[in-house]
Amino acid sequence: MKVDFIKTFIALGISALIAYAFYSIHKSENTNLLVFTSFAELFLCSFFVFALRFDLSRTTTNIRVVSSIFFIVFLILNIIFSFFALSKQSYIIVNGLVVLLGILIVYSLLKAKQ
């Protein structure tokens, strides 16, 4: 596994700008939760898409595709949660389930080593 630090900073910048966009859109008491959670989720996905390279090219491709799909899913979920004032509990549960599902899929791909 190799990490490209320049692409890591690019992924960090993209995630920070999108999180700031959610901050400027969402106006309620749960704004900090939305901003920090969306930043962490989007950075994790974009880090796997841009900055990581694994020993096997097929594994790298599969993980990049899965991470790209989850990046889009997190983006859509956070857009929905930023426009509609939903409860904190539903936000944590939905995002937690999606994060755990994404981690499970990436872990399964890493264990397959194809």
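All figures in this text were calculated on a predicted structure; none of them were measured in a lab. (Residues numbered from 1 in each chain as written. Predicted model: local features only at pLDDT ≥ 70, side-chain atom pairs only at ≥ 80, totals over all residues. Heavy atoms only, no water.)

Trainee: Which residues make up the overall build of the protein, and what values do they have?
Mentor: A count of helices and strands for the protein gives 4 helices and 2 strands. Order of helices (α) and strands (β) in the protein, N terminus to C terminus: β-α-α-β-α-α. Principal-axis analysis of the C-alpha atoms gives the protein an extent of 45 × 30 × 15 Å. Within the protein, the proportion of its 114 residues that are buried is 34%. Taking all contacts inside the protein whose residues are at least 6 apart in sequence as the whole, residues at least 24 apart take part in 72%. Across the protein, 9 positive and 4 negative side-chain charges occur, with their mean positions spaced 9 Å apart. (Helix = DSSP H or I, 4+ residues; strand = E, 2+ residues; numbered from the N terminus. Buried < 20%, exposed > 50% of the residue type's maximum accessible area, 1.4 Å probe, protein only. Contact = heavy atoms within 4.5 Å. Lys, Arg positive; Asp, Glu negative; His and termini not counted. Charge placed at Lys NZ, Arg CZ, Asp CG, Glu CD.)

Trainee: Can you lay out a nonpolar patch on the surface for me, pointing to particular residues and giving the numbers?
Mentor: Taken together, Ile25, Ile72, Ile76, Ile79, Ile80, Phe83, Phe84 and Leu86 make up a surface patch of nonpolar side chains, about 750 Å² in accessible area. Take the nonpolar patch: its biggest share by element is 5 residues, from helix α3 (residues 57-83). Checked against the element boundaries, isoleucine 72 lands in helix α3. The exposure class assigned to isoleucine 72 is partly exposed, which follows from its relative accessible area of 49%. (Patch = residues over 30% accessible without salt bridge, like charges linked within 9 Å, V, L, I, M, F, W, Y side chains within 5 Å. Areas by Shrake-Rupley, 256 points an atom, 1.4 Å probe, with all protein chains shown as cover. Salt bridge = Lys/Arg side-chain N within 4 Å of Asp/Glu carboxyl O.)

Trainee: Explain the layout of surface pockets to me, using residue names and the numbers behind them.
Mentor: The volume enclosed by the largest pocket comes to roughly 190 Å³. Along the walls of the largest pocket sit 14 residues, with Leu44, Phe48, Gly102, Ile103 and Val106 positioned nearest its centre. Where the lining of the largest pocket is concerned, the elements lending two or more residues are α2 (31-51), α3 and α4 (88-112). For the lining of the largest pocket, the element with the most residues is α4, which contributes 7 residues. Each residue belonging to the lining of the largest pocket can be placed in one class, and the counts come to 11 nonpolar, 2 polar and 1 charged. (1 Å grid on protein atoms, 1.4 Å probe; cavity = no way out; pocket = protein on both sides within 12 Å on 5 of 7 lines; lining within 4 Å. Points joined across faces, edges and corners; volume = space filled by probe spheres on them. Nonpolar A, V, L, I, M, F, W, Y, C, P; charged D, E, K, R; others polar.)

Trainee: Please provide a residue-by-residue account of the side chain of threonine 60, values included.
Mentor: By the element assignment, threonine 60 lies in helix α3. For threonine 60, a relative accessible area of 7% puts it in the buried group.

Trainee: I'd love a proper account of helix α1 (residues 5-25), names of residues and values included.
Mentor: Helix length check: α1 (21 residues) gives 30 Å between terminal C-alpha atoms against 30 Å at 1.5 Å per residue, within 8%. By the burial criterion, the buried members of α1 are Thr8, Ala11, Ser15, Ile18, Ala19 and Phe22. Along the axis of α1, the buried residues cluster in a sector spanning 100 degrees; they form a single face. More than 90 degrees from the buried face of α1, the exposed residues found are Ile6, Phe9, Leu17 and Tyr20. The secondary structure elements touched by the buried residues of α1 are β1 (2-3), α2 and α3. The backbone nitrogen of isoleucine 6 lies 3.4 Å from a side-chain oxygen of the residue at the head of α1, namely aspartate 4. (Expected span 1.5 Å × (residues − 1). Arc of directions from axis to C-beta. Polar contact = N/O pair within 3.5 Å; in protein donor to acceptor, adjacent residues only side chain to side chain.)

Trainee: An account of the packing of aromatic side chains is requested, with residue identities and associated values reported.
Mentor: For the coordinates displayed, the defined rule picks out 6 aromatic pairs. Note on phenylalanine 39 and phenylalanine 43: the rings are 6.1 Å apart at their centroids and 10 degrees apart in plane angle, and the pair reads as stacked. Residue phenylalanine 39 and its partner phenylalanine 43 are both found in helix α2; the two are separated by 4 residues, about one turn of the helix. When its relative accessible area of 23% is taken as the criterion, phenylalanine 43 is described as partly exposed. Joined through ring pairs, the aromatic side chains of Phe39, Phe43, Phe47 and Phe48 make up one cluster. (Phe/Tyr/Trp six-rings, centres within 6.5 Å; stacked < 30°, edge-to-face > 60°.)

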